[in-house]
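# Structure at a glance
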Amino acid sequence: MQFPCTMDPEDANLPTTKLLTLLNVSALKSRKRNGDIQDVSAKEKLNKRRKSARFEEEVTSEPILHDKTNALSGEEDEAPVVDEVAETDRADAILSYEQHFGANPDVLDERKRISVDQRYWSTIRQVIGGFTIVATLPRDESAPLSIRLAKKTAISERLRTPFEERQAKQPQGAQLTYLDQFTCAYFCAEQSKIQNDLLSIMSAHFDLYHPAITLEHHRCIREAVALHALDHVTKKRRRILKNSERISHAKNSSLDPPEDIQDQGFTRPSVLILVPFRSYVIHWVNAMTSHTPSSNFQVENHSRFLSEFGLPPNAVDKLATAEKGMYPDDHVETFSGNVDDNFRIGVKLTRKTIKLFAEFYGCDIVFASPLGLRMSIEKEKSADFLSSIEVLVMDQMNAMVMQNWDHVQFVLSHMNKLPNESHDTDFSRIKPWYLDGQYSSNQDISRARQAFFVGKKSFLLVSERFHFYRRYKIRGIRNIIFYSPPDHPQFFSEFLSYPFLDDGVDPSDVSCRVLYCKYDKFRLERLLGSASSSRLLDGDL
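These remarks concern the structure in this document. (Residues numbered from 1 in each chain as written. Predicted model: local features only at pLDDT ≥ 70, side-chain atom pairs only at ≥ 80, totals over all residues. Heavy atoms only, no water.)

## Notes on the overall build of the protein
Short version of the rule: The helix count covers DSSP runs of H or I at least four residues long, the strand count covers runs of E at least two residues long, and both are numbered beginning at the N terminus. Accessibility here uses a 1.4 Å probe with only protein chains present; expressed as a share of the type maximum, an area under 20% marks a residue as buried, one over 50% as exposed, and anything in between as partly exposed. Accessible surface is estimated by sampling points in the Shrake-Rupley manner with a 1.4 Å probe; for residues, cover comes only from the protein chains shown.
What the protein contains, in helices and strands, is 18 helices and 10 strands. Across the 541 residues that make up the protein, the buried fraction comes to 38%. Put simply, the protein shows about 31200 Å² of open surface, and 53% of that area lies on carbon and sulfur atoms.

As structure tokens, then:
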């Protein structure tokens, strides 16, 4: 439904205006697609499977940025990295994800929102495994931090089991002395403990800042974070695929479509990993592929990836080949390999492949440098592919500070904003908290109320939550539309009284309409009583 209205240019960037515009554009595109559906069968199948060899792929010239639907299409999107049909995860693996990233996550209940708004926090310090943790939590949450951490079973079984098997392997070799074997075994056990402690924190979806990483632990920590990122994408894509199957089944069986299908964001990318140099992307891709089945798994565009993110042919890395001690170890670690700092690459995960150089709107993970993302956003004049990031990883922040921290701030300021275009988004499947938007400032509220009162604006959108906290008496109202009956019945009579705050208003000048359905029965009962609401729903009124 479209509403004709006039607005100032400055209002075009308001979250509510942008969201309504997206909905209108999406509806128009939907109609256009429906009108052209008879021509689909005559066209060549565009998602036909391409030939690919493991670790080899012909270099393609497809652009990095390309609008791609958030929906699933074709054989390659049958499933994410983990085959969800054979998955036998325990309940806590799904519960951990749903509690934080589901349609109605626990972290966004009213009590926690109030704690955030009022900055009602407390800081605690506690030893967890090998770490001393400093955590900031809502003050009224008294449970020990150790109880909040996730169990191993919070990670998908198909990812967790091979990871644990690799951890269990001890170094072997006749060339090692007994002391060397003991030292290696101790070091591996220490790394496994670090990985497990970090995964228990990340799987509980705490924000994590770890500034004291030794050079020896970079690789094992990177593998743990990569496992967490893969686990997140796997659970998200599995949820989307299962809901798509439910929708298809309902449609084929002529049943009402399911309603609890809010499972995605505005665009597909949900993980952003910022690194300072191209060489670090190779480290991260190696860490990701270490968690995938080796026998039947393929990496598409791998040759192109190595040529663009590794050193040029015949190039000599003087840091890597230098005699040990000539350069400080941290300098060698940071600057070995390709140190170009202008890049971005999308990675798409499917059942049997990791596709490198995937289109941004069709990928799951974005690797980029802050400079590379900034130049891309400024060139395309759009950061819509960052509108639904749920996991952010920043590796080597100390190097980014030395590069230009302003680039990092620029990228973060463009994350999780309402997109400028719809990108074929199915708005019925967007998680509700993506649609909440940013709160209006007091200045914006005052300006909007004044413009509405003097007639400069014809429409004023007010949420029930806003009215619950503010209880403003809004002047200038003549026509009231309730999108659904209010949860608090007294709000109905309050809004009906507001038109008569102005002098000379006659009851015939005021109109009120309420949109409702059978699922609003309890709300209607609170307004009209049981008998009247039943007659209304039965069509007798």
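## Re the packing of helix α7 (residues 218-252) against helix α8 (residues 278-289)
The line we're drawing: For helices, the axis comes from a line fit to the C-alpha atoms of the stretch in contact; other axes are also lines fit to C-alpha atoms, and the angle between any two N-to-C directions lies between 0 and 180 degrees. Crossings are classed by handedness, with left-handed meaning an anticlockwise turn of the near helix from the far one by less than a right angle and right-handed meaning a clockwise turn. Here, two residues are considered to be in contact whenever any of their heavy atoms come within 4.5 Å of each other. Gly counts as polar in this scheme, as do all residues outside two lists: the nonpolar Ala, Val, Leu, Ile, Met, Phe, Trp, Tyr, Cys and Pro, and the charged Asp, Glu, Lys and Arg.
Between α7 and α8, the shortest axis-to-axis distance is 8 Å and the interhelical angle comes to 65°. Once α7 is placed against α8, the crossing between them reads as right-handed. Contacts between α7 and α8 involve Arg222, Glu223, Val225, Ala226 and Leu230 on the former and, on the latter, Tyr280, His283, Trp284, Ala287 and Met288. When its residues are assigned to classes, the contact of α7 with α8 shows 7 nonpolar, 1 polar and 2 charged.

## A short note on helix α14 (residues 442-453)
Since the α-helix advances by 3.6 residues per turn, residues separated by three or four positions end up pointing in the same direction. Which entries qualify depends on this criterion: To estimate the expected span of a helix, count its residues, drop one, and scale the result by 1.5 Å. The directions considered for the arc are those from the helix axis to the C-beta atoms.
Here α14 contains 12 residues, and its C-alpha end-to-end distance of 17 Å stays within 8% of the 16 Å for a straight helix at 1.5 Å per residue. If you check which residues of α14 are buried, you get Ile445, Ala451 and Phe452. The buried residues of α14 all sit within an arc of 135° when viewed along its axis, so they share a single face. For α14, the exposed residues set more than 90 degrees away from the buried face come down to Asn442 and Gln443. Close packing links the buried residues of α14 with α15 (464-470).

## Overview of the sheet that holds strand β4 (residues 298-300)
Backbone-to-backbone hydrogen bonds join strands into a sheet, with any given pair of strands oriented parallel or antiparallel. The test is simple: The pairing criterion for strands is at least two bridges between them, as found by DSSP.
Ordered in space as β4-β6-β5-β7-β3-β8, the 6 strands form an open sheet in which the pairing is mixed. A strand with exactly one partner marks an edge of an open sheet, and here the two such strands are β4 and β8 (391-394). Pairs of neighbouring strands in the sheet enclose a mean axial angle of 15°, with direction left out of account. Helix α13 (residues 397-413) rests against β3 (271-274) and β8 of the sheet, and its axis sits at about 150° to β8.

## Overview of the packing of aromatic side chains
Going by this rule: Pairing of aromatic rings covers Phe, Tyr and Trp, the last counted by its six-membered ring, and requires centre-to-centre distances within 6.5 Å; plane angles under 30 degrees mean stacked, over 60 mean edge-to-face, and any other angle means tilted. In this scheme, Lys NZ or Arg CZ marks a charge over a ring once it lies within 6 Å of the ring centre and within 35 degrees of the ring normal.
Within this structure, the stated rule accounts for 14 aromatic pairs. Note on Phe482 and Phe492: the rings are 5.1 Å apart at their centroids and 35° apart in plane angle, and the pair reads as tilted. Of this pair, Phe482 sits in strand β9 (residues 479-482) while Phe492 is found in helix α16 (residues 489-497), placing the two residues 10 residues apart along the sequence. Owing to a relative accessible area of 9%, Phe482 belongs among the buried residues under this scheme. An aromatic cluster is present here, built from Phe266, Phe427, Trp433 and Tyr434 joined pairwise through their rings. Between the NZ or CZ atom of Arg278 and the centre of the ring of Phe309, over which it lies, the distance is 4.7 Å. Residue placement shows Arg449 over the ring face of Tyr472; its charged tip is 4.2 Å from the ring centre.

## Regarding helix α5 (residues 157-168)
Here α5 spans 16 Å end to end across 12 residues, near enough to the 16 Å set by a 1.5 Å rise per residue. Looking only at α5, the buried set comprises Leu159, Arg160, Phe163 and Gln167. All buried residues of α5 fall inside an arc of 90° around its axis, so they share one side.

## A closer look at the pattern of salt bridges
Note the following rule: Put simply, a salt bridge is a Lys or Arg side-chain nitrogen that is within 4 Å of an Asp or Glu carboxyl oxygen.
One pass over the structure, following the stated rule, counts 22 salt bridges. With a closest N to O distance of 2.7 Å, Arg278 and Asp340 form a salt bridge. Of this pair, Arg278 sits in helix α8 while Asp340 sits in the loop between α11 (329-335) and β5 (344-349), placing them 62 residues apart in sequence. For Asp340, a relative accessible area of 31% translates into the label partly exposed. Taken together, the shared-partner salt bridges in this structure form one network comprising Arg237, Arg268 and Asp364.

## Some details on the environment of Asp538
Mapped onto the fold, Asp538 is located in helix α18 (residues 530-538). Under the relative-accessibility criterion, Asp538 is labelled exposed at 60%.

## Some points on a nonpolar patch on the surface
Note the threshold: Residues with no salt bridge and a relative accessible area higher than 30% make up the patches, which join like charges within 9 Å and nonpolar side chains (Val, Leu, Ile, Met, Phe, Trp, Tyr) within 5 Å.
Residues Ile481, Tyr483 and Leu515 make up a contiguous nonpolar surface patch of about 400 Å² in total accessible area. Relative to the helices and strands, Leu515 is located in the loop between β10 (511-514) and α17 (521-528).

## Regarding the environment of Phe297
Along the chain, Phe297 falls in the loop between α8 and β4. Looking at Phe297, the relative accessible area reads 4%, which means it is buried. Separated by 56 residues in sequence, Phe297 and Thr353 place their C-alpha atoms 5.7 Å apart.

That is the geometry; function is a separate question.
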